[in-house]
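One letter stands for each residue in the lines below.
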Amino acid sequence: MTKKYNVAVVGATGAVGQKMIETLQRRNFPVNKLKLLASAKSAGKMLNYKDELIVVEELTEASFEGINIALFSAGGSISEKYAPYAVDSGAVVIDNTSHFRMKEDVPLVVPEVNPEDIFTHQGIIANPNCSTIQMVLSLKPIADHLGLKKVVVSTYQAVSGTGKKAIEELKEQSSAFLNKEKYTPKVYPHTISFNLIPQIDVFEENGFTKEEMKMINETKKIMHDAKIQVNATCVRVPVFVGHSESVYVETEKPINVEELRGLWEKFEGLKLIDDPKEQLYPMPRNSEGVFDTMVGRLRKDVNSDHAASFWVVADNLLKGAALNAVQIAEKLISN
Ligand code: A2P
């Protein structure tokens, strides 16, 4: 008989938490008992899992008794405070926030890229930043076969990455704009409807945003290569679900686009959609609910055989968050 696990989802009522519950179900994760945790205001709410209705409980220090795996997605400060209680209770924490990601004794894992790191955990495994996850999937075959020197990425990130309040803000603001009504932004520093905001998270001293620095630092950690030069510009766009990225790479070896397409086609978790004649390429509208990360628009640099541009799209709530976390849990229990 398959062993079953007691799983807790912290932030179960949130945009990512909901997807965690859905993903456990869709992938038939061997759940014995599912515990759904959120803030006091959600306690008593009922959420669906398979054909059960589960009561949401308030997160407390004692929530983790008997829990084997705790999936956290309720914000960095909640992870900081409560993940240690989960670990002390004997659970393995898979944390979707940025709080533990760069800590030396915390593995940062994309299961198709660095699965071996999972087994070095000391109780906490970090799920990388959403934009970083989908990018490193596309970069891994390039690094393995062509040698990866430099990456320049611009992102087009959906509002659902900010959480359910941002989804509401885009809906309300769009309708207010079309009805010529006034709407003061609450979640973002500027209007997001019919606009682009070239700022995700706060600015750092060096002029990059925290999100951009996450992409730079996390890529090096996941790919075990501190020498890869990464430069990122992160932009919030008025899209509900699906992050898109324009990526430019420089490689050690010359690039043959047909070979690279073949490498991507064979790589687990990637789906190649690249047929310019038919106007086929990945788009965020096609990514919603899809587990695979989509790549396309591959073309060699007109000035160099050692450089190419391409386009990567994924469901930010799934591969960028919930799915990657559940895949980490799957690898963890497979050992
Ligand atoms: P709640 O719905 O009760 O506020 P999102 O990222 O979509 O905004 O979701 C954030 C998630 O984190 C929600 O499930 C939210 O629960 C949860 N959360 C926020 N603050 C706390 C807290 N203090 N304790 C537990 N869960 C929290």
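Residues numbered from 1 in each chain as written. Predicted model: local features only at pLDDT ≥ 70, side-chain atom pairs only at ≥ 80, totals over all residues. Heavy atoms only, no water.

Draft legend 1. Molecular detail of the overall build of the protein. A count of helical and extended segments in the protein gives seven helices and 14 strands. Its C-alpha atoms give the protein a radius of gyration of 20 Å, near enough to 20 Å, the size a compact globule of 335 residues would have. Looking at the 335 residues of the protein, the share that counts as buried comes to 52%. For the protein, the share of sequence-separated contacts (at least 6 apart) that also reach a separation of at least 24 residues comes to 67%. Approximately 15700 Å² of the protein is accessible, and the part contributed by carbon and sulfur atoms is 49%. A gap of 3 Å separates the mean positions of the 39 positive and 43 negative side-chain charges of the protein. (Helix = DSSP H or I, 4+ residues; strand = E, 2+ residues; numbered from the N terminus. Rg over C-alpha atoms; globule rule 2.2 N^0.38 Å. Buried < 20%, exposed > 50% of the residue type's maximum accessible area, 1.4 Å probe, protein only. Contact = heavy atoms within 4.5 Å. Areas by Shrake-Rupley, 256 points an atom, 1.4 Å probe, with all protein chains shown as cover. Lys, Arg positive; Asp, Glu negative; His and termini not counted. Charge placed at Lys NZ, Arg CZ, Asp CG, Glu CD.)

Draft legend 2. Spotlight on the domain arrangement of the protein. Each assigned domain of the protein is listed with its residue range as follows: domain 1 (5-127 + 321-334) and domain 2 (132-316). Placing a centre on the C-alpha atoms of domain 1 and another on those of domain 2 gives a separation of 25 Å. Of the residues lining the interface, 21 residues belong to domain 1; the matching set on domain 2 comes to 20 residues. In this assembly, domain 1 packs against domain 2 so that about 1900 Å² is buried in total across both faces, 62% of it on carbon and sulfur atoms. At the surface where domain 1 touches domain 2, the tally comes to one salt bridge. Where domain 1 touches domain 2, the interface holds eight residue pairs in polar contact (both at pLDDT 80 or more). (Domains from an automatic or database assignment. Buried area = accessible area lost by both parts, 1.4 Å probe. Salt bridge = Lys/Arg side-chain N within 4 Å of Asp/Glu carboxyl O. Polar contact = N/O pair within 3.5 Å; in protein donor to acceptor, adjacent residues only side chain to side chain.)

Draft legend 3. Structural view of the pairing of strand 9 (residues 148-157). Bridge count for strand 9 against strand 11 (residues 243-251) is eight bridges, and the pairing is antiparallel. The residue of strand 11 that forms the bridge with Val152 is Tyr248. Pairing of strand 9 with strand 10 (residues 229-236) involves eight bridges; the strand directions are parallel. Directly across from Gln157, in strand 10, lies its bridge partner Arg236. (Pairing = 2+ DSSP bridges.)

Draft legend 4. Just the site of the ligand, in detail. Inspection of the region around the ligand gives 15 residues, with Thr13, Ser39, Lys41, Ser42 and Lys164 positioned closest. Within the contact set of the ligand, an oxygen atom lies 3.1 Å away from a backbone nitrogen or oxygen of Gly11. Contact between the ligand and Ser39: an oxygen atom at 2.6 Å from a side-chain N or O atom of the residue. Here the ligand loses 75% of its free accessible area of 570 Å² to cover by the protein chains. (Near = heavy atom within 4 Å.)

Draft legend 5. Structural view of the state of the cysteines. Evaluation of the coordinates by the stated rule reveals zero disulfides. No disulfide involves Cys130; its sulfur sits 8.7 Å from that of Cys234, the nearest cysteine. For Cys130, a relative accessible area of 16% translates into the label buried. (Disulfide = S-S within 2.5 Å.)

Draft legend 6. Representation of the sheet that holds strand 1 (residues 5-10) within the structure. Here six strands make up an open sheet; going across it, the order is 5-2-1-6-7-8 and the pairing parallel. Of all strands in the sheet, those with a lone pairing partner are strand 5 (57-58) and strand 8 (124-126), marking the two edges. Inspection of the sheet shows strand 1 paired to strand 6 (residues 69-72) by four bridges, in the parallel sense. Note that in strand 6 the partner of Val7 across the bridge is Ile69. Against the sheet, helix 2 (residues 76-88) makes contact with strand 1, strand 6, strand 7 (92-95) and strand 8, and its axis sits at roughly 180° relative to strand 6, the strand it touches most. (Axes fitted to C-alpha atoms, helices over the stretch in contact; angles between N-to-C directions.)

Draft legend 7. Molecular detail of the layout of surface pockets. The calculated volume of the largest pocket comes to roughly 1200 Å³. Ala74, Gly75, Gly161, Thr162 and Gly163 are the residues nearest the centre of the largest pocket, which is lined by 47 residues in total. Class assignment for the residues of the lining of the largest pocket results in 16 nonpolar, 21 polar and ten charged. The residues that make up the lining of the largest pocket include at least three from each of domain 1 (5-127 + 321-334) and domain 2 (132-316). (1 Å grid on protein atoms, 1.4 Å probe; cavity = no way out; pocket = protein on both sides within 12 Å on 5 of 7 lines; lining within 4 Å. Points joined across faces, edges and corners; volume = space filled by probe spheres on them. Nonpolar A, V, L, I, M, F, W, Y, C, P; charged D, E, K, R; others polar.)

Draft legend 8. View of the packing of helix 1 (residues 15-26) against helix 7 (residues 318-334). Put simply, helix 1 and helix 7 touch, their axes get as near as 9 Å, and they point 50° apart. By the angle between their directions, the pair helix 1 and helix 7 is classed as oblique. Seen from above, helix 1 lies across helix 7 with right-handed handedness. Residues Val16, Lys19, Met20, Thr23, Leu24 and Arg26 of helix 1 form the contact with helix 7, whose participating residues are Leu318, Ala321, Ala322, Leu323, Ala325 and Val326. (Parallel < 35°, antiparallel > 145°, perpendicular 65-115°, else oblique. Left-handed = near helix turned anticlockwise from the far one by under 90°.)

Draft legend 9. The arrangement of the packing of aromatic side chains in detail. All chains considered together, the criterion is met by six aromatic pairs. The interplanar angle of 70° and the centroid separation of 4.8 Å between the aromatic rings of Trp264 and Phe310 together place this pair among those described as edge-to-face. Pair noted here: Trp264 is in helix 6 (residues 257-266) and Phe310 is in strand 14 (residues 307-314), with a separation of 46 residues, a long-range link. Exposure remark for Trp264: the relative accessible area of 0% places this residue in the buried category. With relative accessibility at 1%, the residue Phe310 sits in the buried group. Looking at Arg26, its charged tip hangs above the ring of Phe291, at a distance of 3.9 Å from the centre. Across from the ring centre of Phe291, 5.3 Å away, lies the NZ or CZ of Arg27, which sits over that ring. (Phe/Tyr/Trp six-rings, centres within 6.5 Å; stacked < 30°, edge-to-face > 60°. Lys NZ or Arg CZ within 6 Å of the ring centre and 35° of its normal.)

Draft legend 10. Local environment of the side chain of Gln173. Among the structural elements, Gln173 can be located in helix 4 (residues 164-178). Classification of Gln173 by relative accessible area gives buried; the value is 2%. Each residue touching Gln173, except ones within four places of it in the same chain, is listed here: Tyr183, Pro185, Thr191, Ile192 and Ser193.

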